[in-house]
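In case you want the letters, here they are:
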Amino acid sequence: MSTKATPLSLPALEAVFHEQTGLARAWLVSSSGINRITPEFAEDMQSLLRWMRVLPGLRGLILASRSPHFCVGAHLEYLYRQRDQRELERWALDLNRAFRGLETAGVPVVAKIEGSALGGGFALALACHRRLVLDDPSVRLGVPGVKMGLLPTLGSTQRLPRLVGMEAASRLLLDSRVLNPRQALEAGLVHQLLPDADALDKAAVEWLRSGSAPFQPWDEAGYSFPPPAPDSRAGRKLMLAIAARLHRESGDTAAAAQATLRAIQEGSRQPLDMALELESRLFARTTARPQTRDMLRTLWFHRKSARRMEGLPKARQSTVSHLGLVGAGLLTSGLARLAARQGLRVSLWDFHPARLERAHAYWQACAKADARQNDDGDWLQRIETPREQYELAECDVVVLASQKALPELRQQLGRLAHDTQDHCTLLLANAPEPLASICENRRWKKRVLGLGIPSSPEQGALVEFWGSATAARLGRALALMRRLDMVPLVVADVAAQYATRLKATYVVEALQMLQDGIHPSRVEWAGIAAGMATSPLLLADTIGMPTLRRAMGSLLTAPGGGRFRMAGVSLLDRVHKELHRPGRAWGRGFYEYRAGNPTGLWGGLGLPTPGDDKSESTHQLSRRFLLVQAAEAARALNDGIVKNERDADLGAVLGAGFAAGTGGPLAWMDSQGLPALVGELESMVGPLGERFAPAPILGKMAQEGRRFYGEDSREGTHEDVSTAPVSG
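Residues numbered from 1 in each chain as written. Predicted model: local features only at pLDDT ≥ 70, side-chain atom pairs only at ≥ 80, totals over all residues. Heavy atoms only, no water.

J.: Honestly, the overall build of the chain in this entry has me stumped. Any pointers?
T.: If you tally the helices and strands in the chain, you get 28 helices and 20 strands. Against the 2.2 N^0.38 benchmark of 27 Å for 728 residues, the chain shows a C-alpha radius of gyration of 28 Å, consistent with a compact globule. Taking as baseline every contact in the chain between residues at least 6 positions apart, the subset at least 24 positions apart corresponds to 73%. Summed over all atoms, the accessible surface of the chain reaches about 30,000 Å², with 50% contributed by carbon and sulfur. (Helix = DSSP H or I, 4+ residues; strand = E, 2+ residues; numbered from the N terminus. Rg over C-alpha atoms; globule rule 2.2 N^0.38 Å. Contact = heavy atoms within 4.5 Å. Areas by Shrake-Rupley, 256 points an atom, 1.4 Å probe, with all protein chains shown as cover.)

J.: Which parts of the structure should I look at to understand the pattern of salt bridges?
T.: A side chain with one charge can pair with a side chain of the opposite charge if their charged atoms come near. Enumeration according to the criterion identifies 34 salt bridges in this entry. The residue Asp 94 makes a salt bridge to Arg 90 at a minimum N-O spacing of 2.9 Å. Of this pair, Asp 94 and Arg 90 are both found in helix α3 (residues 85–103), 4 residues apart, which corresponds to roughly one turn of the helix. Here Arg 90 falls in the partly exposed class, since its relative accessible area comes to 38%. Its salt-bridge partner being Asp 485, residue Arg 307 comes within 2.1 Å of it at the nearest N-O pair. (Salt bridge = Lys/Arg side-chain N within 4 Å of Asp/Glu carboxyl O. Buried < 20%, exposed > 50% of the residue type's maximum accessible area, 1.4 Å probe, protein only.)

J.: When you look at the packing of helix α24 (residues 618–638) against helix α26 (residues 665–672) in this model, what are you seeing that I'm missing?
T.: Across the interface, α24 lies against α26 with an axial gap of 9 Å and an inter-helix angle of 115 degrees. Comparing the axis directions of α24 and α26 gives the class roughly perpendicular. Two packed elements cross with a definite hand, and for α24 against α26 that hand is left-handed. Contact residues: Arg 623, Leu 626, Leu 627, Ala 630, Ala 633, Ala 634 and Leu 637 in α24; Pro 665, Leu 666, Trp 668, Met 669 and Gln 672 in α26. Tallied by class, the residues present in the contact of α24 with α26 amount to 10 nonpolar, 1 polar and 1 charged. (Axes fitted to C-alpha atoms, helices over the stretch in contact; angles between N-to-C directions. Parallel < 35°, antiparallel > 145°, perpendicular 65-115°, else oblique. Left-handed = near helix turned anticlockwise from the far one by under 90°. Nonpolar A, V, L, I, M, F, W, Y, C, P; charged D, E, K, R; others polar.)

J.: Which parts of the structure should I look at to understand the packing of aromatic side chains?
T.: Aromatic ring pairs are reported here in terms of the distance separating the ring centres and the angle at which the planes meet. In the structure shown here, the tally under the stated rule is 5 aromatic pairs. Ring plane angle 85 degrees and centroid distance 6.5 Å describe the contact between Phe 41 and Phe 99, whose orientation is recorded as edge-to-face. On the criterion of sequence distance, the pair formed by Phe 41 in helix α1 (residues 41–53) and Phe 99 in helix α3 is long-range, its members being 58 residues apart. Look at Phe 41 and you get buried, because its relative accessible area is 2%. What makes Phe 99 buried here is its relative accessible area of 0%. Centroid distance Tyr 78 to Trp 91: 5.9 Å. Interplanar angle 40 degrees. Geometry classified as tilted. One end of the pair, Tyr 78, is in helix α2 (residues 76–81); the other, Trp 91, is in helix α3, and 13 residues separate them in sequence. (Phe/Tyr/Trp six-rings, centres within 6.5 Å; stacked < 30°, edge-to-face > 60°.)

J.: Can you help me understand the environment of Leu 478 in this one?
T.: Relative to the elements of secondary structure, Leu 478 occurs in helix α18 (residues 471–484). Owing to a relative accessible area of 1%, Leu 478 belongs among the buried residues under this scheme. The spatial distance from the C-alpha of Leu 478 to the C-alpha of Arg 131 is 38 Å, given a sequence separation of 347 residues. Excluding anything up to four places from it in sequence, Leu 478 contacts Met 309, Leu 312, Pro 313, Phe 465 and Pro 488.

J.: What is the right way to look at the sheet that holds strand β8 (residues 141–142) in this model?
T.: Two orientations exist for strands paired in a sheet by backbone hydrogen bonds: parallel and antiparallel. Spatially, β6-β8-β9 is the arrangement adopted by the 3 strands of the open sheet, whose pairing is mixed. The open sheet has two free edges, formed respectively by β6 (117–118) and β9 (178–179), since each of these has just one partner strand. Pairing of β8 with β9, which is carried by 2 bridges, proceeds in the antiparallel orientation. What sits directly across from Leu 141, in β9, is Leu 179. (Pairing = 2+ DSSP bridges.)

J.: What should I look at first to understand the nonpolar core in this one?
T.: Most often, soluble globular proteins have nonpolar side chains that are buried together. By size, the foremost hydrophobic cluster in this structure holds 94 residues, and its most contacted members are Tyr 498, Leu 514, Phe 590, Met 669, Leu 698 and Phe 708. The greatest single-element share of this core, amounting to 11 residues, is contributed by α24. Sequence-distant contacts of Tyr 498, defined by excluding residues within four places in its chain, comprise Glu 464, Val 491, Ala 633, Ala 636, Ile 641, Val 642, Asp 647, Ala 648, Gly 651, Ala 652 and Pro 665. Residues Leu 55, Cys 71, Leu 76 and Val 139 belong to the second largest nonpolar core, which totals 88 residues. (Core = buried A, V, L, I, M, F, W, Y, C linked by side-chain atoms within 4.5 Å.)

J.: Would you take a moment to explain the sheet that holds strand β18 (residues 487–490) for this structure?
T.: Read across the sheet, 8 strands follow the order β13-β12-β11-β14-β15-β16-β17-β18 without closing on themselves; strand pairing throughout is mixed. Every interior strand has two partners, whereas the edge strands, β13 (383–384) and β18, have only one. As paired strands, strand β17 (residues 462–466) and β18 are joined by 4 bridges and run parallel to one another. Residue pairing in the sheet places Phe 465 in a bridge with Val 490 of β18. Against the sheet, helix α25 (residues 645–656) engages β17 and β18, with an angle of about 130 degrees to β18.

J.: What should I look at first to understand helix α28 (residues 696–704) in this one?
T.: Every α-helix carries 3.6 residues per turn, so stepping three or four residues along brings you back to the same face. Every buried residue of α28 is accounted for by Ile 697, Leu 698, Met 701 and Ala 702. An end-on view of α28 places all buried positions within 130 degrees of arc, on one side of the element. Facing away from the buried surface of α28 by more than 90 degrees, the exposed residues are Pro 696 and Gln 703. Among the structural elements, α24, α26 and α27 (674–688) are those in contact with the buried residues of α28. Phi turns positive, to about 70 degrees, at Gly 705, one or two residues after α28. (Arc of directions from axis to C-beta.)

J.: Help me out: how do you make sense of the pairing of strand β7 (residues 130–134) in this one?
T.: Two faces make up the sheet, and in a regular strand the side chains alternate between them. Within β7, 5 of the 5 residues are buried, which leaves it mostly tucked inside the rest of the structure. Residues Arg 130, Leu 132 and Leu 134 point to one face of β7 and Arg 131 and Val 133 to the other, with burial holding for every one of them.

J.: I'm lost on the environment of Val 54 in this one. Help?
T.: Its location among the elements puts Val 54 in the loop between α1 and β4 (60–65). For the pair Val 54 and Ala 492, spaced 438 residues apart in the sequence, the C-alpha separation amounts to 65 Å.

J.: Honestly, the packing of helix α9 (residues 233–250) against helix α10 (residues 255–267) in this entry has me stumped. Any pointers?
T.: Helix packing geometry: the angle between the two helix axes and the distance between the axes. As a packed pair, α9 and α10 sit with axes 11 Å apart at the nearest point and diverge in direction by 175 degrees. When the axis of α9 is compared with that of α10, the two are roughly antiparallel. Contacts from Met 239, Ile 242, Ala 243 and Leu 246 in α9 reach Ala 257, Gln 258, Leu 261 and Gln 265 in α10. For the contact of α9 with α10, the class distribution of residues is 6 nonpolar, 2 polar and no charged.

J.: Just checking my understanding: could you explain helix α23 (residues 570–578) for this structure?
T.: For α23, the set of buried residues is Leu 571, Leu 572 and Val 575. The buried residues of α23 occupy one face: seen down the axis, they fall within an arc of 110 degrees. Exposed side chains of α23 directed beyond 90 degrees from the buried face belong to Lys 577 and Glu 578. Packed against the buried residues of α23 are α19 (498–515) and α22 (545–557). His 580 lies just past α23 and shows a positive phi near 55 degrees.

J.: Just checking my understanding: could you explain the side chain of Gln 82 for this structure?
T.: As for its position among the elements, Gln 82 is in the loop between α2 and α3. Exposure remark for Gln 82: the relative accessible area of 17% places this residue in the buried category. At 3.0 Å, the side chain of Gln 82 and the backbone nitrogen of Asp 84 are in polar contact. When residues no more than four places from it in sequence are discounted, the contact partners of Gln 82 are Glu 87 and Leu 88. (Polar contact = N/O pair within 3.5 Å; in protein donor to acceptor, adjacent residues only side chain to side chain.)

J.: Explain unusual backbone geometry to me, please; I cannot follow it from the model alone.
T.: Backbone phi values are negative for most residues with the exception of glycine, while trans is the configuration of most peptide bonds. In this model, Pro 227 is joined to Pro 228 through a cis peptide bond whose omega is 0 degrees. The topology assignment puts Pro 228 in the loop between α8 (197–209) and α9. A positive phi angle is found at Asn 430, which is not glycine, with a value near 50 degrees. By the element assignment, Asn 430 lies in the loop between β15 (425–429) and α16 (435–438). Phi is positive for Ala 496, which is not a glycine, with a value near 60 degrees.

The structure is reproduced here in structure tokens:
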């Protein structure tokens, strides 16, 4: 006997109802192959609800996706372009009402999630009565909007606290946590994990046929909020503690996080329908801020463009399957693990057996942690540690991590060029000097690129390339970054690259403040209050005094390096050599440490204390941090160290920890108004030094009334003043 089906076809949804079973199925669809919450999505959801109401004998709905992923969230292009706060509030309200209609439609709804559900996509899943997820470590679940300056909307700030409690919900939302299926199950966000698509479908049908009630927990009689209750004394203390932590970590610069916390705190005390209206208002108010658009431009559009490697060479057959690493340390051990997890064969060579033993111990500990999360543990089998360097001959790319003196570094590179095949691209990690001064041999000079990479590499990290290698070599290096899901920038081959310059500028300005008698705690708080990712003295400890001193030595001897000749630089040598506090890795620096974690500022610096430590307010100190880094970023753009505005802002935020809430130093200068900012910088040169002198590009743009970014454009507006640092 055939089953009669009643179809529904909409731009964002397709659905069918089988009268014999009483079950309806709906699929999210998109012409692009990626499901997003578009401005028209609410209308399609309402059409689905109207269709469901007239179906005879409807027993339940299975919501799935025609695309590989369930739904990746809101259509950010719309949110970026929309400037009208009332329209943004209407958009959020319409969607909230549609999602609310789904969970109160009177029939049980199952979300069948076979790919990632993020942002608004996960909010849609939360509006379903049951969430079944494919047990695949590559699936990602969560609401990461806060890190891009967006308040998580479409009910996320209201359903999550009602599901897992205010403390767990705040942690998930404020930290923009994205979980794999096992983590989501342990956190109570999903109901069941299934091994394959058939098992998912079978479990969904069985649950609907079991006659489950079509109610969310918070809509059932007798529902009680997960403790602590919002209006209880414990609940109020919890919210105060979270607010205090947020203030300590970001000062008053994290508008989206503060609005999210307010939505959780106030919304949890109200009926859900009223709470969703509150969330919609707060979302619209936050999203309409110019700073939010600046954050979206840098952290989403610019990052997406860089990850696609737009504007960079694409060499033919630029694939990488075998990665070589020379020197077993924190950087190479982490890079080996990351590459092996992405399916690459990895060979790590080091002359010292003790270093290899430490690397093996690190990998074993990571593999055990992965096993606890049911993550891929096979990656460890893809790492080998050959006995001789010549066994790296078959590698496609080899990374040399070395801080040797220049003569020995040249010898290492020469041996590596001899031991590897001609097609292999050589990457010199965090080189202390420009490659032009390191690579003397013309034959292997075209094979070598500089690589600026964090000492603890991870997916999503920003890396910098420089040198005179051919476009084909660069293409192979970029192919590696694509496999590792890193964000690459190409910068000029100069002493201390872009991210390093900004970090050094930030730290040295803090040291100058200390030298001028500003108390260390005030200096640290000024960095946090400015919105920096890390306070300056803690950043100095993390980088390490030896590395910082090498970077400053390179900058001081470079053209224009005289702007860094100030008393604060001498503190690096004093802290390192006289006080023997080289940084976090050694357990002692500007901070005291226990088990690698800072316990407080060290009190033994013995710096001069002025009669009045209030000559500059915290606001003035914070602005000084922003100004000195902005001046350096503009100078780097002017001198062609970075190619364009995208790279300048993205490199500053992701690579140097510049205040993300500004969208980057160029976006921040736009917001200040270039004529006023140039005047302010010029006024600071006399009392503070040439490092505040505005670059020629700033004066020219201020005179011509131009901005780095047009009002309605995600792209920069000035001509590209640089030349590509790679040859064809």
